[in-house]
Amino acid sequence: MGILRDFERRLEGAVEGLFARAFRSGVQPVELGKRLVREVEDGRTVGVNRVYVPNVYVYELSPGDRERFANYEQALGQELAALAVETARERSWGMLGPARIEFETAEDLEEGRFRLGSRVEAAEAKADYAAAPVGPHTAMLPGQRPSQKVRAPATLALISGGQPVRVYPLGAAELSIGRSDQSDIALSDPGVSRNHARVLREGDDFIVEDLRSTNGTEVNGQPVRRRRLADGDVIKLANSTLQFRREG
């Protein structure tokens, strides 16, 4: 399932491999993700014009597993919330409020086992739900209709001396970045690997992925393996700087 593969990739990018070292035993993050997808599907109810699913998901973990999750709970919760939303959006299901993940300790659970429950927690009433924005952790709200992705134009601008010196349209499904002449964005920077990174288009989102380059890839000063881009994000590859820009 594509959304689960994306979930695993984002986990790696969120904490740069720390999950793999922390969870060699006990509950594994991907198990939580797989169970969450089933919970979203099992929790659906049919409304007048749309199918709705819960937006609050509560994981009960053993004391040992909860302790191991302590340092990564926030990052994991954010990725699980995004997974719940993606599962709903993929099927054009709605939520009555933003998705949220909660973790609790259950003394009766053995290490490696967990429980997951869910509930509906409606967002505060608004005068016009149709005008309510849909954020990265929110599926469709009442009054909103499924719509085709707006393929807003996007570009990567090569920055030098604080000014753009070349602009690359992001029209293809994938764009390669590297020192190789065969790269879609070829950078004459000795610190850049021949095949350094790539930008992928997923629906109307753009993702930058580091291709195990020697000097790594940064977004807004933070090392990343994989990151969803927002307007104005600055991508640094060795001594080269690219800025992601999009209209609308």
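Note that the structure is predicted; figures quoted are calculated from it, not measured.

## Some words on the overall build of the protein chain
Of regular secondary structure, the protein chain possesses five helices and 16 strands. Residues counted as buried form 43% of the 248 residues belonging to the protein chain. Partitioning the contacts of the protein chain with sequence separation of at least 6, the portion at a separation of at least 24 is 61%. For the protein chain, the accessible surface area stands at approximately 13200 Å², while carbon and sulfur atoms represent 45% of it.

## Side note on empty space enclosed by the protein
Applying the stated rule across the entire model yields one cavity of 30 Å³ or more. Forming the boundary of the largest cavity are Leu170, Gly171, Ala172, Glu174, Leu175, Val199, Leu200, Arg201 and Phe206. Broken down by secondary-structure element, the contributors of at least two residues to the lining of the largest cavity are β8 (174–178) and β10 (197–202). In terms of residue count, β10 provides more of the lining of the largest cavity than any other element does, three residues in total. By residue class, the composition of the lining of the largest cavity is six nonpolar, one polar and two charged.

## Focus on the packing of aromatic side chains
What characterises a pair of aromatic rings is the spacing of the ring centres plus the angle enclosed by the ring planes. Tallied over the entire structure, the rule returns four aromatic pairs. A ring pair is formed by Tyr59 and Phe114, whose centres lie 6.1 Å apart and whose planes are at 50 degrees; its orientation type is tilted. A residue pair is termed long-range when its members are at least 10 positions apart, and Tyr59 in strand β3 (residues 56–61) and Phe114 in strand β5 (residues 114–119) qualify at 55 residues. Residue classification places Tyr59 among the buried positions, given a relative accessible area of 0%. Through pairs of rings, three or more aromatic residues link up here, namely Tyr59, Phe69, Phe103 and Phe114.

## Regarding the sheet that holds strand β9 (residues 185–186)
Strand order across the open sheet formed by five strands is β9-β8-β10-β11-β14, with mixed pairing between neighbours. Strands at the two margins of the open sheet, each flanked by one partner only, are β9 and β14 (226–228). Bridge analysis of β8 against β9 gives two bridges, and the strand direction is parallel. The partner of Ile177 across the bridge, within β9, is Ile185.

## Describing the pattern of salt bridges
Counting across every chain of the model gives 14 salt bridges. Residue Arg35 pairs with Glu39 through a salt bridge whose shortest N-O separation is 3.1 Å. Of the two residues, Arg35 and Glu39 are both situated in helix α3 (residues 29–42); the distance of four residues between them amounts to about one turn of the helix. The class for Arg35 is partly exposed, based on a relative accessible area of 21%. Three or more residues joined by partner-sharing salt bridges are found here, namely Arg100, Glu102, Arg119 and Glu121.

## Let's talk about the sheet that holds strand β12 (residues 217–219)
Pairing in this open sheet of six strands is antiparallel, and the strands run β7-β6-β16-β15-β12-β13 from one edge to the other. Strand pairing shows two members of the sheet lacking a second neighbour, β7 (163–169) and β13 (222–224), which therefore form its edges. Shown here is a sheet whose adjacent strand axes are inclined to one another by a mean of 30 degrees, direction ignored. Both strand β6 (residues 154–160) and strand β16 (residues 240–246) contribute to a ladder of six bridges, which runs antiparallel. For Ile159, the partnering residue across the bridge sits in β16 and is Thr241.

## Looking at helix α5 (residues 73–90)
Compared with the 26 Å implied by 1.5 Å per residue over 18 residues, the 25 Å span of α5 between its first and last C-alpha is a close match. Among the residues making up α5, those that are buried are Leu76, Gly77, Glu79, Leu80, Ala81, Ala82, Leu83, Ala84, Val85, Glu86, Thr87 and Ala88. Two residues or fewer past α5, Ser92 is found with a positive phi of approximately 60 degrees.

## Examining the nonpolar core
Counting 25 residues, the largest nonpolar core has Leu32, Leu36, Tyr57 and Leu80 as its most contacted members. Sorting the residues of this core by element identifies α1 (2–15), α3, β3, α5 and β4 (100–105) as the ones contributing at least two each. The element best represented in this core is α5, accounting for seven residues. Among residues more than four places away in sequence, those in contact with Leu80 are Phe7, Leu32, Gly33, Leu36, Tyr59, Ile101 and Phe103. Core analysis: the second largest hydrophobic core is formed by 21 residues, Ala154, Phe206, Leu229 and Leu237 among them.

What counts, and at which threshold
Residues numbered from 1 in each chain as written. Predicted model: local features only at pLDDT ≥ 70, side-chain atom pairs only at ≥ 80, totals over all residues. Heavy atoms only, no water. Helix = DSSP H or I, 4+ residues; strand = E, 2+ residues; numbered from the N terminus. Buried < 20%, exposed > 50% of the residue type's maximum accessible area, 1.4 Å probe, protein only. Contact = heavy atoms within 4.5 Å. Areas by Shrake-Rupley, 256 points an atom, 1.4 Å probe, with all protein chains shown as cover. 1 Å grid on protein atoms, 1.4 Å probe; cavity = no way out; pocket = protein on both sides within 12 Å on 5 of 7 lines; lining within 4 Å. Points joined across faces, edges and corners; volume = space filled by probe spheres on them. Nonpolar A, V, L, I, M, F, W, Y, C, P; charged D, E, K, R; others polar. Phe/Tyr/Trp six-rings, centres within 6.5 Å; stacked < 30°, edge-to-face > 60°. Pairing = 2+ DSSP bridges. Salt bridge = Lys/Arg side-chain N within 4 Å of Asp/Glu carboxyl O. Axes fitted to C-alpha atoms, helices over the stretch in contact; angles between N-to-C directions. Expected span 1.5 Å × (residues − 1). Core = buried A, V, L, I, M, F, W, Y, C linked by side-chain atoms within 4.5 Å.

Don't take any of this as a statement about function, it's just geometry.
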